[in-house]
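Survey of secondary and tertiary structure
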Amino acid sequence: MIEIRSTEEVSAPGEYETRHIGVLDGIRAVAILIIVWFHFWQQSWLIPVAGPINLDWLPRNGAIAVDLLVLLSGFCLFLPYARSMVYEEEVPDTKSFYIRRAARIMPSYYVYLFIVLFLFALPLGEYANIADMLKDLVPHIVFLNNWFAVSNQGTHLGGVLWTVAVLVQYYALFPLLARAFQKKPMITYWCMTGVGLLSCFLIGRNFYEIDQNLFLNNTLTFAGVYANGMLGAWVYVAMTKDRERNRAEGVFFTAVALACIWLYKIMCDHRMSYGLETKWQVDYRYLLSLLFLTFIISTIMSARWFRAIWDNRVMRFLAAISFNLYLCHQYVSVKLKDLRIPPWEGDVPPNQLGDKVWQWEYFALCILISLVVAVAMTFLIERPIAKFILKRTSANGETS
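Let us look at the structure shown here. (Residues numbered from 1 in each chain as written. Predicted model: local features only at pLDDT ≥ 70, side-chain atom pairs only at ≥ 80, totals over all residues. Heavy atoms only, no water.)

What follows covers the pattern of salt bridges. With the rule as written, the count across this model stands at 15 salt bridges. Close ionic contact of Glu277 with Arg271 constitutes a salt bridge, the shortest N to O distance being 3.6 Å. The class for Glu277 is partly exposed, based on a relative accessible area of 26%. Residue Lys335 is joined to Asp338 by a salt bridge in which the shortest nitrogen-to-oxygen separation is 3.8 Å. (Salt bridge = Lys/Arg side-chain N within 4 Å of Asp/Glu carboxyl O. Buried < 20%, exposed > 50% of the residue type's maximum accessible area, 1.4 Å probe, protein only.)

Next up, the structure:
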């Protein structure tokens, strides 16, 4: 979502941004595009290879970009608290925080659930009975769907919604975590990191073979990732206080950011050779988040030309529709294939037959329909309802 930058939010030339940081819009957009590509690749089997250029590793490992989204959430949400710690500004209001998060997430999310349930899942008879439907629907309504097998990997409402559940659960805890971090930053950091590392260790060693996706998507395994996001925001604000950009630092941090991309490719290659790719995610989740954090801070502090790649009108637009694109894209790709759109004959799906014409037509339709739905959801549902909620609560004196 694009934030409207007021005069107070825009940093002076040469200063480091510590409120709205433009490059984070681009990083978020690219992370979601990689996840989208992964899900389209899963259904189409369209391998991105052209001559000597082989980008197959990028969509094949797209699932781990979710960790970058979780890290970005912790980083962005903690920025005002970090400013409070470093600049002694007023601590953000808790009620305002919850209202803004609800206005941002709930309108599109609940409309999406309504559309999928009443236009697809129920008419297509995907539930055996009402009890079967409620076991899937109720956890989604209360954002606990990642904790139950039937509403996680067995859901008929969309396979990506577990991520929203994880983020909302951290939103619910965030003001408490943020206040604890402000008072005892390192103790809070290591407690959160300890929870994350211990959860990943136990799941990776003992519970992996049982409902692996259910345990992989467990909220606790992301505790260290979220902690790194919060720590990163504090470190970044502290290290840039009273500091102006200079060319030498820009060159250095650009080199670091590019090195992070190279290391990411190495980690992706390692994941593909690991044997159990999903197990790799819990075994290396913390280290991957440190790499992502280094990339984020380095990109923020990089040279102007490199920042321009991530902070521009296209990236801001993609960031604006990114949440709704994330919500709908995977469901769109699955339903198109289930409904045989584009049409195909026989029992064997054309992606398994290597039908390039169908693969490209299908891939293009997935992109087009997902973008159209995301734009419509953003500008016809999310933005108007969020604006209404924030205006009403502001008028009632409930938000700052």
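In this section: the packing of aromatic side chains. The full count for this structure, using the stated rule, is 30 aromatic pairs. Geometrically, the ring pair formed by Phe78 and Phe174 is edge-to-face, given 6.5 Å between the ring centres and 80 degrees between the ring planes. Residue Phe78 is located in helix α3 (residues 65-87), and its partner Phe174 is located in helix α6 (residues 161-183); the two are separated by 96 residues in the primary sequence. Like Phe174, Phe78 is buried. Both rings, one in Tyr112 and one in Tyr331, keep their centres 6.4 Å apart while their planes meet at 85 degrees; by these two values the pair is edge-to-face. Separated by 219 residues along the polypeptide, Tyr112 in helix α4 (residues 94-121) and Tyr331 in helix α14 (residues 313-338) bring together distant segments of the chain. Each member of the pair, Tyr112 together with Tyr331, is buried. By the ring-pair criterion, three or more aromatic residues cluster together here, those being Phe78, Tyr81, Phe97, Tyr98, Tyr170, Phe174, Phe181, Tyr226 and Trp234. The aromatic ring of Tyr87 is capped on one face by Arg83, whose charged end is 4.5 Å from the ring centroid. Over the face of the ring belonging to Tyr171 we find Arg101, whose NZ or CZ atom lies 5.3 Å from the ring centre. (Phe/Tyr/Trp six-rings, centres within 6.5 Å; stacked < 30°, edge-to-face > 60°. Helix = DSSP H or I, 4+ residues; strand = E, 2+ residues; numbered from the N terminus. Lys NZ or Arg CZ within 6 Å of the ring centre and 35° of its normal.)

On to the nonpolar core. One finds Phe75 and Tyr236 to be the most contacted residues of the largest nonpolar core, which totals 106 residues. Every residue in contact with Phe75, bar those within four places of it in the chain, is listed here: Ile21, Leu24, Gly229, Met230, Gly232, Ala233, Tyr236, Leu293, Ile296, Ile297 and Ile300. (Core = buried A, V, L, I, M, F, W, Y, C linked by side-chain atoms within 4.5 Å. Contact = heavy atoms within 4.5 Å.)

Here we come to α14. Given a rise of 1.5 Å per residue, 26 residues ought to cover 38 Å, and the 35 Å separating the end C-alpha atoms of α14 matches this to within 8%. Remark: the principal bend of α14, roughly 50 degrees, maps to Ser322. Taking burial as the measure, the 26 residues of α14 include 20 buried ones, the bulk of the element. Looking at where α14 begins, the residue whose side-chain oxygen comes 3.1 Å from the main-chain nitrogen of Val314 is Asn312. (Expected span 1.5 Å × (residues − 1). Bend = angle between axes of the 7 residues up to and from the residue. Polar contact = N/O pair within 3.5 Å; in protein donor to acceptor, adjacent residues only side chain to side chain.)

All right, on to the packing of α4 against α6 then. The contact between α4 and α6 brings their axes to 11 Å, and the two run at 175 degrees. The pairing of α4 with α6 is recorded here as roughly antiparallel in orientation. Of the residues in α6, those touching α4 at Thr94, Phe97, Tyr98, Arg101, Ile105, Tyr109, Tyr112 and Leu113 are Leu161, Val164, Val168, Tyr171, Ala172, Phe174, Pro175 and Arg179. Among the residues forming the contact of α4 with α6, the class breakdown is 13 nonpolar, one polar and two charged. (Axes fitted to C-alpha atoms, helices over the stretch in contact; angles between N-to-C directions. Parallel < 35°, antiparallel > 145°, perpendicular 65-115°, else oblique. Nonpolar A, V, L, I, M, F, W, Y, C, P; charged D, E, K, R; others polar.)

Turning to α3, a few remarks are in order. Along its 23 residues, α3 runs 32 Å from first to last C-alpha, staying within 8% of the 33 Å computed at 1.5 Å per residue. Residue Leu79 marks the point of greatest curvature in α3, where the axis turns by about 45 degrees; the proline Pro80 follows within four residues. Within α3, 19 of the 23 residues are buried, which leaves the element mostly enclosed by the surrounding structure. Backbone geometry just after α3 places Glu88 at a positive phi near 60 degrees.

This part covers the environment of Met301. Checked against the element boundaries, Met301 lands in the loop between α12 (285-300) and α13 (304-310). Accessibility expressed as a relative area gives 1% for Met301, which makes it buried. Sequence separation between Met301 and Asn324 is 23 residues, and the spatial gap between their C-alpha atoms is 29 Å. With residues near it in sequence (within four places) discarded, Met301 still touches Tyr16, Tyr236, Met239, Thr240, Arg245, Glu249, Gly250 and Phe253.

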